[in-house]
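# Summary of structural features
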Amino acid sequence: MSMHCNFVLQRRLSAGRTAVSANCKISVQLCLRALPEFCPASTSFNSAANKLINQGGPLSAGKKAVATTAAVAGPTTAVTSPSMAAADAPAQNGQSSGVRQRSVKAELAVLFQEALHKAFPGLDVQAEVTQTNQPKFGDYQCNNAMGLFSKLKGKEGAPKNPRTVAEAIVANLPSSPAIAEKPSLAGPGFINVRLGLPWLSKRIVHMLQHGAGCWAPVTPYKRAVVDFSSPNVAKQMHVGHLRSTIIGYTIAATLEFCNIDVLRINHTGDWGTQFGMLIQHIAETREGGLGSDALDEDVVELEVLYKASKGHFDEDPEFKLRAQQAVKKLQGGDPEFLAAWERICAASRRAFDSVYERLGVKITERGESFYNPLLPGLVQEMVDLGIAEESDGAKVIWVEGIKAPFMIQKRDGGYGYDTTDLAAIRHRLQDERGDWLIYVVDSGQGQHFEQVFGAARKAGILPQDKKQGPRVEFVGFGLVMGEDGKRIKTRSGASVKLVELLDEARERCRVTIKERRGDDISEEELEASACAMGYGAVKYSDLKNHRTTNYRFSFDDMLDLRGNTAVYMLYAHARIASIIRKVGKDPASLFHTAELRLEHPAEVTLAMHIARFPEAVELVLDELAPNRLTEYVYDLAEKFSGFYTECKVAGSEYEDSRLLLCEATAVIMRQTFKLLGITPLDRL
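Predicted, not measured: the structure shown is a model, and the values here were computed from it. (Residues numbered from 1 in each chain as written. Predicted model: local features only at pLDDT ≥ 70, side-chain atom pairs only at ≥ 80, totals over all residues. Heavy atoms only, no water.)

Looking only at helices and strands, the chain has 25 helices and 14 strands in total. Counting the 684 residues in the chain, one finds 57% classified as buried. Accessible area for the chain stands at about 28,500 Å²; split by element, carbon and sulfur atoms hold 49% of it. (Helix = DSSP H or I, 4+ residues; strand = E, 2+ residues; numbered from the N terminus. Buried < 20%, exposed > 50% of the residue type's maximum accessible area, 1.4 Å probe, protein only. Areas by Shrake-Rupley, 256 points an atom, 1.4 Å probe, with all protein chains shown as cover.)

Now the structure itself:
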């Protein structure tokens, strides 16, 4: 077992984490099974993991196991009923041990793990449990038989075929209410199981009693640093910033839901040659120059000035020299130049914050200028260690497998993105104590970050072995395309401003809601609902695509009431709220008194999908792909629609039971909305 894994285990042991109940004990290797780069399973690790659990460590929830939720503010005030808000309350403020539950897949993995140990003692094999592709055969399946047969083949007493292996596993499977009947075998050795419906019902009621947070996976990480959004100062945010901002938001929110302390960093472009160019242009063209009384800059005007200064810089060699001198004055701390730079940054920050407020994004600004004081010492250290060398007058680090040099100091003594990003990764690891660093940046920056991580390993900032130490990941994303299939632009060919896109989405939704509700809605509710639907539609239409793909932006598609859109999801949630209002009962009053009975096939299908929410979150953690959540919530809305079509709620003999199922759907739907940054609505 790696030193880092020992450290993690000992740290958690010594932290005095609340003890877990006896029926919730689970081997921590399940938590880390999906993290081979973090810590490979071994006998010594199993021993340490069992010690951790027995002394009251955190629960596992399968591949990446569980914790509590941290509330993340949405972009507008949610228009929800008091009963619904109360039902979600436990999930918003965290839970202590005793209420957490492993995912269904992890519960079954524990049972099959025991069967494997009994049937094949001495073999270090992890249970492979997945959802079945064909529900007619079962709900989950164990897929160990074929692999084990190959592993044992040729040895004395080896099983005759994979099916014999499967039979041995089934024969040693412990009895559990989680499994309804004896598992069935299919094909060469797939073991199919059906869940016990009373057990499934109890899980869902437990979640209702304690909030969605009791289903949040636990991970081995304590502090994550998520770098996202990162617009350039003196420019307006455009549609290209949308992807980084909302993908980063959802990843950060999901990590926080899993009780990881997350530092959200906005690595703004607020330093460098372009500011000398812009400030010098202002000094030469604005009446009064830098000494004018223009204390409040405007980002729209700054963008115009920036374009003009760039043209001046490219066409006039003498201005280029003056701009380069201006950079030195700025970096040297000239009061007049610093004051101008601070005004530019303040104007940009106001513009950024107005967009973030609309999107419900909270983020800590830490631009390139933050790391500037660290750069000279870093470069000197790399030279002293022999890691950096001189090349054509510049100081560079050569990263294995990449021909281009990683330049940490230019020939003129200045610094660029390479130096800043190397300083940033060290600061985030050593000063911020991050053990999971995530960079949400467009895919075109992939090689740059490969160089950053490679240089960091060469410099000893990251371990040489990628399987050890902190988890560091580049999360690339594709482009936003117009309806013509080309990169989205305005008619004039300029980038589409994000503010303009959000305005149009809100106004379209405002018209739609007004047409449906007429005078039966106040101006305040109309504005809140239009913002929730419009901004939610923009986010969802992006997040439902895998982050690495390019996607076509279309207002008509994203606002469709019938497709896989946020509008459809919001209407599904509003329908649930309407059902609950019609019944006239507070669902929370039924949590400890009513029985959830799963008898109709549509009830079972819906309940099964509700219970699989933790597995969707685990997939997001594994892949850092928010579309796993959109896929889940769309299927949830579809399955609820099927349930509502087949099963009468209000006035039926099963009213209380079905009301619990409605509320469970709403609670999980709202938790998913929260992770996606979408504000739920009760009425549309």
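A few words on the confidence of the model for the chain. On average, the chain scores 85 in pLDDT, and the residues at 70 or more come to 85%. Confidence over residues 1-87 falls short of pLDDT 50; this stretch has 233 contacts with residues more than four positions distant or in other chains. Scored below 50 in pLDDT, residues 89-97 shows 22 contacts in the model against residues more than four places distant or in partner chains. (pLDDT = per-residue confidence, 0-100. Contact = heavy atoms within 4.5 Å.)

Let us now look at the sheet that holds strand β5 (residues 223-227). The five strands lie next to each other as β7-β6-β5-β11-β12, forming an open sheet whose pairing is parallel. Both outer strands of the open sheet, β7 (364-365) and β12 (471-477), are each paired with one neighbouring strand and no more. With five bridges connecting them, β5 and strand β6 (residues 261-266) associate as parallel partners. If you follow Asp227 over to β6, its bridge partner there is Ile265. This element, helix α17 (residues 446-458), spans β11 (436-442) and β12 of the sheet and lies at about 170° to β12. (Pairing = 2+ DSSP bridges. Axes fitted to C-alpha atoms, helices over the stretch in contact; angles between N-to-C directions.)

Here the focus is the sheet that holds strand β8 (residues 389-391). Hydrogen bonding along the main chain pairs the strands of a sheet, whether they run parallel or antiparallel. What the three strands build is an open sheet, ordered β8-β9-β10; its pairing is antiparallel. Of all strands in the sheet, those with a lone pairing partner are β8 and β10 (406-409), marking the two edges. Across this sheet, the average inter-strand angle for adjacent strands is 50°, counted without regard to direction. The pairing of β8 with strand β9 (residues 394-397) spans three bridges and is classified as antiparallel. For Glu390, the partnering residue across the bridge sits in β9 and is Lys395. The strands touched by α17 within the sheet are β9 and β10, with β10 carrying the most contacts at an inclination of about 65°.

Moving on: the nonpolar core. One recurring pattern in soluble globular proteins is that nonpolar side chains are buried together. Of all hydrophobic cores here, the largest spans 166 residues; its most connected members are Leu108, Leu255 and Ile610. Looking at this core, the element that brings in the most residues is helix α25 (residues 655-676), giving 12 residues. Every residue in contact with Leu255, bar those within four places of it in the chain, is listed here: Ala224, Val226, Ile260, Val262, Trp436, Ile438 and Leu621. In this structure, Leu375, Leu378, Ala388 and Val452 belong to the second largest nonpolar core, which totals 32 residues. (Core = buried A, V, L, I, M, F, W, Y, C linked by side-chain atoms within 4.5 Å.)

This brings us to the packing of aromatic side chains. Aromatic ring pairs are described here by two measures, namely the spacing of the ring centres and the angle between the planes. Tallied over the full model, the rule gives 13 aromatic pairs. With a centroid separation of 5.1 Å and an interplanar angle of 85°, the aromatic rings of Trp271 and Trp341 are classed as edge-to-face. A residue pair is termed long-range when its members are at least 10 positions apart, and Trp271 in the loop between β6 and α10 (273-285) and Trp341 in helix α13 (residues 335-359) qualify at 70 residues. Owing to a relative accessible area of 12%, Trp271 belongs among the buried residues under this scheme. The buried category is assigned to Trp341, whose relative accessible area is 12%. Their ring planes at 55° and their centres at 5.7 Å tell us that Phe613 and Tyr632 sit as a pair that is tilted. In this pair, Phe613 sits in helix α23 (residues 613-623) while Tyr632 sits in helix α24 (residues 627-646), placing the two residues 19 residues apart along the sequence. On the basis of relative accessibility, which here comes to 0%, the residue Phe613 falls in the buried class. Relative accessible area serves as the criterion here: at 4%, Tyr632 is assigned to the buried category. Aromatic ring contacts, followed pair by pair, group Tyr439, Phe449, Phe453 and Phe474 into a single cluster. (Phe/Tyr/Trp six-rings, centres within 6.5 Å; stacked < 30°, edge-to-face > 60°.)

Let us now look at the pairing of β6. Most of β6 sits inside the fold, with five of its six residues counted as buried. Crossover β5 to β6 through helix α9 (residues 240-257) is right-handed. Alignment of β6 against β7, held across two bridges, turns out to be parallel. What sits directly across from Asn266, in β7, is Glu365. (Right-handed = clockwise from strand over helix to strand, strands pointing away.)

Before going further, it helps to spend a moment on the pattern of salt bridges. Evaluated as defined, the whole model comprises 39 salt bridges. Linking Glu107 and Arg102 is a salt bridge whose minimum nitrogen-to-oxygen distance equals 2.9 Å. Of the two residues, Glu107 and Arg102, both sit in the buried class. If you follow the salt bridges from partner to partner, you end up with Arg223, Asp261, Arg366 and Glu432 in one network. (Salt bridge = Lys/Arg side-chain N within 4 Å of Asp/Glu carboxyl O.)

Moving on, we get to α17. Look at α17: 18 Å from first C-alpha to last across 13 residues, which is about the 18 Å you get at 1.5 Å a residue. Buried residues of α17: His448, Phe449, Gln451, Val452, Phe453, Gly454, Ala455, Ala456 and Arg457, and no others. Where the residues of α17 are buried, they touch β9, β10, α16 (417-431), β11 and β12. Gly460, located one to two residues past α17, shows a positive phi value of around 85°. (Expected span 1.5 Å × (residues − 1).)

Two elements in contact, α16 and α17, have axes whose closest approach is 10 Å; the angle formed by their N-to-C orientations is 55°. In terms of orientation, α16 lies oblique with respect to α17. As for how α16 packs across α17, the hand of that crossing is right-handed. From α16, Tyr417, Asp418, Asp421, Leu422 and Ile425 reach across to α17, where they touch His448, Phe449, Val452, Phe453, Ala455 and Ala456. (Parallel < 35°, antiparallel > 145°, perpendicular 65-115°, else oblique. Left-handed = near helix turned anticlockwise from the far one by under 90°.)

Each pair of packed helices can be summarised by the angle the axes make with each other and by the distance between the axes. Look at helix α22 (residues 601-611) against α25: their axes get within 10 Å of each other, and the N-to-C directions meet at 35°. When you trace α22 past α25, the crossing you get is left-handed. The segment α22 lies against α25, with Glu603, Leu606, Ala607 and Ile610 engaging Arg658, Leu661, Ala664, Thr665 and Ile668. Among the residues forming the contact of α22 with α25, the class breakdown is six nonpolar, one polar and two charged. (Nonpolar A, V, L, I, M, F, W, Y, C, P; charged D, E, K, R; others polar.)

As a further point, take the pairing of β11. Along β11, six of the seven residues are buried, which leaves the element largely enclosed by surrounding structure. Sheet analysis places β5 next to β11, joined by four bridges and oriented parallel. In the strand pairing of β11, Ala224 is matched with Trp436. Note that β11 and β12 share seven bridges and pair parallel. What sits directly across from Leu437, in β12, is Val472.

A few words now on unusual backbone geometry. Of note in this structure, Asp392 is not a glycine but carries a positive phi near 55°. Tracing the chain through its elements places Asp392 in the loop between β8 and β9. Positive phi, close to 60°, is recorded for Arg433, a residue that is not glycine. The topology assignment puts Arg433 in the loop between α16 and β11. Given a relative accessible area of 62%, Arg433 falls into the exposed group.

With that settled, consider α13. In this model α13 runs 36 Å from its N-terminal to its C-terminal C-alpha over 25 residues, within 8% of the 36 Å that 1.5 Å per residue would give. Once α13 finishes, Gly360 follows within two positions and takes phi at roughly 70°, a positive value.

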